[in-house]
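Below are the chains, spelled out letter by letter.
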Amino acid sequence: MSDQLTHVKSVFHKRFAHLSSAITNRLWLNAHTNYDCDVLLTFPARVDDNVIVWFLEKFLQLEPDVRISIKYHFTTGVYGFYLTFTYERILKGADALQLEKPIKQEFGGGYQIFLFDELEFYQGVEDEDKFFSTQERQSIVLHLLYSMRMNETQLLNGIKFKVDQSLIQRGLEKNGDMGVAKECFQAATDRFYTKALCLPAAYGVYIWYHTGQSQELDDKLFVINSFLNIIWATGFLIFWRRRQAELAYKWNTLDMEQLEETRATYKGELRRSPVTDKYEPYYPVWKRVAFRCLVTIPLLMINLVLVSISIVLIIRFQSWIDRQLKAGRLPSLMSLTELFPKILLALVTTIFDDVYKRVCRWLTDKENYREQRVHDNQMIAKMFACASINSYLGVFYIAFFTHKYIRLSDQLITIFVIKQFWDHVKEAIIPYIVSNTRLSVLIQMSKKEHDRYTEREELNNHLKRILDQWNTSKQTKVIAFNPCDSLPSFETLSLSQAEIECLQPKWQDLYEDSLELVVQFGYIIFLSTLFPLAAFFSLLNNILEIRTDAFKLCMIYQRPFSQRVKDIGHWQKIMEYMIVAAIIINCIFCSIRGVFRRMVPGLPFAAEIFLLVCIEHLLVLFCKTIRSNIESVPYWVRVEKAKMEYRRREALKKLECDALHNQSHGNDE
């Protein structure tokens, strides 16, 4: 009996140890990373063999400088193309993307748009491993892949590839997949905002501590808190604008011109472009306008009405619960009865969060915008409109109509504690457990894929023959710039880090993270006069949020493609408008709470309204004046840019003089 127990214990220990290694996500320590790869392209598990062969042949035909390593992923039963390009081709891609790279000191130093025909001017261009960062290489490779266009019309498994149509763009429309790494501008934003929260958190705790001693002191603290919040919010946006200019300067994106490339999911009828003279998808504007008028606006209105009705009903339910408890008709249950509607409201708003985000994504995708910038702006507008109703309606209803400020404080505590705690569980803990459990199960089942791999021996041999023939033909050609570029290869039996990451869920985007920050910013400037601890709870949440985001990027989700930007885009404008709204809202709160009537006894109502309107206009003018009179680019950045431009001009003059001297010397000879 003891031997059986020992055997069972041993088996259990082995299985638990294996599952634990997956749950703690340590498998990547033993993974192979010896692939010369910048982008990984995978195919669906049950795709026809001829599709894989066709894509391989097209890659080699349309882009001779592509470098491919093919690997069969036993954990999922899919083939992966590990893609990169020769260094010479990557340099030409940098020229096409107009990346800024450092100039040698003898030519003026600083940064300049990269030109392939002027390689000798750039610092470190000879070092293939260090000249481009990982983000730059992946952006270039992605651009080169999207630039691969069909040279003839072909039909593959019901998918029609037309002349001049992007091979990758068309292929990704049918369940293709890519995964690479990313660097986020959002992370800098989060850290800067969290540090800035220390100030309102400090004076918020001070005001909360002294509130309730006397009505006169409460009124003075209310006015001081309102004014400090407006000044803090305005200063935060000003200093952030300067900070992002510094970061953009360090990352060489300050003066970048965003290339408006066609989005991968943009669909439309192929027409010859009058600019590029190539076939490009065209989508009529009237179809987009019709969809917005007939589908987008009605759906958003229905969503907002449902959210509003649900929130108001729950608040009325809270009022009924309070009356029943006061009359003794309901048991207290250690305050659980009173807390139930608050928790219900937090859960309902969380559910509506997920619903409207999905609806906004679907609507924006269906509106089918060509440029990513326009797509982002439309997505931001929809999500912020829905989030404003979902997040602020309940607390504004309590503040403006019920005037029960103790209940408002309880509701805000519920939002900052329960709702944000659940967000961390939903965004990090649950996906972590699910993804790693799935990874463990797939690794256990990967033994069956070995049998499937042997069944596809004919396909494997065919792929090897294609690569061998291509390598043989390439060896007869000489690559002038770098003769050491690797040739295409076929790999089979190893667990790569990229293969493990392919099993992880995709990182959606930064919309939700940015939206969460902006909504929290609104809670502070709109409602911290009624709930002074709003900034303090936000600070605690953001400290945890920074680590949670890092944990998600490193341990849970696939690393997404990066995008070079110089600022946070429309979010900056939204927060500027929110400050104006905060000034109006706080003036209304002053009137509702009777602050001015108590501070100036006998003040007529009309005079009070006139005074509040004047104060509101003066504060708006004050904020705009400060914002417009402080430079968005720091002085030292402007000086450094001027120095670089001066050195560049001096170097150009020297080069011109040397050229004239050499020319005159040649004529004398």
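Just so it is clear, the model here is predicted, and its values are computed rather than measured.

(A) Spatial organisation of the overall build of the chain. When you go through the chain residue by residue, the secondary structure sums to 20 helices and 11 strands. Among the 669 residues that make up the chain, the fraction classed as buried is 48%. By sequence separation, contacts in the chain at least 24 residues apart represent 75% of the contacts at least 6 residues apart. As displayed, the chain has an accessible area near 35100 Å², and 60% of this comes from carbon and sulfur atoms.

(B) Seen up close, the nonpolar core. Ranked by size, the top nonpolar core spans 80 residues in total, and within it W232, F521 and M578 carry the most contacts. Among residues more than four places away in sequence, those in contact with W232 are Y193, A196, L197, L199, P200, Y203, F521, I524 and I525. By size, the runner-up hydrophobic cluster in this structure holds 53 residues, among which are I52, L56, F85 and W470.

(C) View of the environment of V395. By the secondary structure assignment, V395 is in helix α11 (residues 372-402). With relative accessibility at 2%, the residue V395 sits in the buried group. Between the C-alpha atom of V395 and that of L408, which follows or precedes it by 13 residues, the distance is 6.3 Å. Setting aside anything within four residues of it in sequence, one finds V395 in contact with L408, Q411, L412, I415, Y523 and L527.

(D) Just the environment of F107, in detail. Checked against the element boundaries, F107 lands in the loop between β4 (100-102) and β5 (111-113). In sequence terms F107 and R647 are 540 residues apart; their C-alpha atoms lie 7.8 Å from each other.

(E) Focus on the packing of aromatic side chains. Throughout the structure, instances matching the rule amount to 29 aromatic pairs. Relative to Y122, the ring of F114 has its centre 4.8 Å away and its plane inclined at 45 degrees; by these criteria the two rings are tilted. Y122 carries the same exposure label as F114, and that label is buried. With centroids separated by 6.0 Å and ring planes inclined at 55 degrees, the aromatic side chains of F396 and F526 adopt a geometry described as tilted. Here F396 is found in helix α11, whereas its partner F526 is found in helix α15 (residues 511-527), with 130 residues between them in sequence. Taken together, the aromatic side chains of F192, Y193, W232, F236, W240 and F521 make up a single cluster linked through ring pairs.

(F) Molecular detail of the UniProt feature "transmembrane region" (unreviewed entry) in the chain. UniProt tags residues 192-209, 221-240, 293-319, 339-359, 380-400, 517-540, 574-596 and 602-622 as "transmembrane region" (unreviewed entry). Helix makes up 100% of residues 293-319 and strand 0%. Its end C-alpha atoms lie 38 Å apart. The annotated region residues 517-540 carries 75% helix and 0% strand content, and the separation between its end C-alpha atoms amounts to 13 Å.

(G) Structural view of the side chain of K101. Inspection of the secondary structure assignment puts K101 in strand β4. What makes K101 buried here is its relative accessible area of 6%. In this structure the side chain of K101 is engaged in a polar contact, spanning 2.7 Å, whose partner is the backbone oxygen of F131. Those residues in contact with K101 that sit more than four places away from it in its chain are G110, Y111, Q112, F114, Y122, F131, F132 and E136.

Calculation rules
Residues numbered from 1 in each chain as written. Predicted model: local features only at pLDDT ≥ 70, side-chain atom pairs only at ≥ 80, totals over all residues. Heavy atoms only, no water. Helix = DSSP H or I, 4+ residues; strand = E, 2+ residues; numbered from the N terminus. Buried < 20%, exposed > 50% of the residue type's maximum accessible area, 1.4 Å probe, protein only. Contact = heavy atoms within 4.5 Å. Areas by Shrake-Rupley, 256 points an atom, 1.4 Å probe, with all protein chains shown as cover. Core = buried A, V, L, I, M, F, W, Y, C linked by side-chain atoms within 4.5 Å. Phe/Tyr/Trp six-rings, centres within 6.5 Å; stacked < 30°, edge-to-face > 60°. UniProt positions renumbered as here; feature names shortened; annotations may be inferred. Polar contact = N/O pair within 3.5 Å; in protein donor to acceptor, adjacent residues only side chain to side chain.

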